[in-house]
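Topology and contacts: notes
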Amino acid sequence: MAQHAGPGGTGRRRSRTRDRRDRGMRGPAVLPRDPRTPELRTRRDRFDDLVLAVVADIEDRWQEHLGLVEYAVEDAPQVPDDWESGTVPLSSLVRGTGTRPTRLVVFRRPIEHRSSSRGELEALVHRVVVEQVAELLGIDPEQVDPRFDDTDD
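Residues numbered from 1 in each chain as written. Predicted model: local features only at pLDDT ≥ 70, side-chain atom pairs only at ≥ 80, totals over all residues. Heavy atoms only, no water.

The subject of this paragraph is the environment of Arg 118. Position of Arg 118 among the secondary structure elements: in helix H3 (residues 118–137). Residue classification places Arg 118 among the partly exposed positions, given a relative accessible area of 41%. Leave out the neighbours within four places in its chain, and Arg 118 touches Arg 46 and Leu 50. (Helix = DSSP H or I, 4+ residues; strand = E, 2+ residues; numbered from the N terminus. Buried < 20%, exposed > 50% of the residue type's maximum accessible area, 1.4 Å probe, protein only. Contact = heavy atoms within 4.5 Å.)

Pasting the structure below:
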């Protein structure tokens with residue numbers, strides 16, 4: 001490796017693994033197999049996977065009773081300026097009419113904000129989805145999923 005003689009003429013060796021100010025790594029820690037997509041999953045991707053796992057489990061048991069339901073994840077709800085509640089909604093359930101399917105939306109950022117660990121995040125996502133499906137079916141959440149615990153409030 002070549003010597004670098006800067007304005008001070010120190011003759012010190014520069015490492016190619018640091019940035020130009022010698023503060024950190026020069027590039028990503030993991031090179032992607034496909035340069036068009038990042039190798040590491042984002043927080044949003046991991047949250048989507050979590051919601052998908054919870055929904056798939058519930059859909060397996062309740063599909064014939066639910067009918068056509070669209071599931072979605074959005075970052076945050078759009079609340080009106082005159083919103084009076086002290087809390088932000090964690091999800092939204094819009095019942096379908098005619099040919100429009102029912103739509104259950106889970107809001108990522110409010111749920112992440114209320115969770116301090118991965119376990120809490122998983123439990124809260126599970127709770128939110130089970131409560132919304134129970135509301136849709138008109139039954140108790142414990143009937144939708146026996147693992148639902150009503151004491152977490």
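And the narrative resumes.
The next subject is helix H1 (residues 43–66). The end-to-end C-alpha separation of H1 is 29 Å, well short of the 34 Å expected for 24 residues at 1.5 Å each. Asp 60 marks where H1 bends most, by close to 60°. Of the residues making up H1, those classed as buried are Phe 47, Leu 50, Val 51, Val 54, Val 55, Ile 58, Glu 59, Trp 62 and Leu 66. Close packing links the buried residues of H1 with strand S3 (69–74), strand S5 (102–107), helix H2 (108–113), H3 and helix H4 (141–144). Of the residues one or two after H1, Gly 67 is the one with positive phi, at around 75°. (Expected span 1.5 Å × (residues − 1). Bend = angle between axes of the 7 residues up to and from the residue.)

Now for the sheet that holds S3. Pairing in this open sheet of three strands is mixed, and the strands run S3-S5-S4 from one edge to the other. If you trace the sheet from one side to the other, it starts and ends with S3 and strand S4 (91–94), each paired once. In this sheet, neighbouring strand axes are inclined to one another by 15° on average, regardless of whether the strands run parallel or antiparallel. With four bridges connecting them, S4 and S5 associate as antiparallel partners. (Pairing = 2+ DSSP bridges. Axes fitted to C-alpha atoms, helices over the stretch in contact; angles between N-to-C directions.)

For the rest of this paragraph, the subject is the environment of Thr 102. Along the chain, Thr 102 turns up in strand S5. Exposure remark for Thr 102: the relative accessible area of 10% places this residue in the buried category. For Thr 102, the residues in contact, after removing those within four places along its chain, are Leu 68, Val 69, Glu 70, Leu 93, Val 94, Arg 95, Gly 96 and Leu 136. Within the structure, Thr 102 has its side chain in polar contact with the backbone nitrogen of Gly 96 (distance 3.1 Å). (Polar contact = N/O pair within 3.5 Å; in protein donor to acceptor, adjacent residues only side chain to side chain.)

Right, let's talk about the pattern of salt bridges for a bit. What the rule picks out here adds up to twelve salt bridges. We note a salt bridge from Glu 70 to Arg 103, for which the minimum N-O separation is 3.4 Å. On the criterion of sequence distance, the pair formed by Glu 70 in strand S3 and Arg 103 in strand S5 is long-range, its members being 33 residues apart. On the accessibility criterion, Arg 103 (31% relative accessible area) is partly exposed. Salt bridges here are not isolated pairs; linked through shared partners, they connect Arg 44, Asp 75, Arg 108 and Glu 112. (Salt bridge = Lys/Arg side-chain N within 4 Å of Asp/Glu carboxyl O.)

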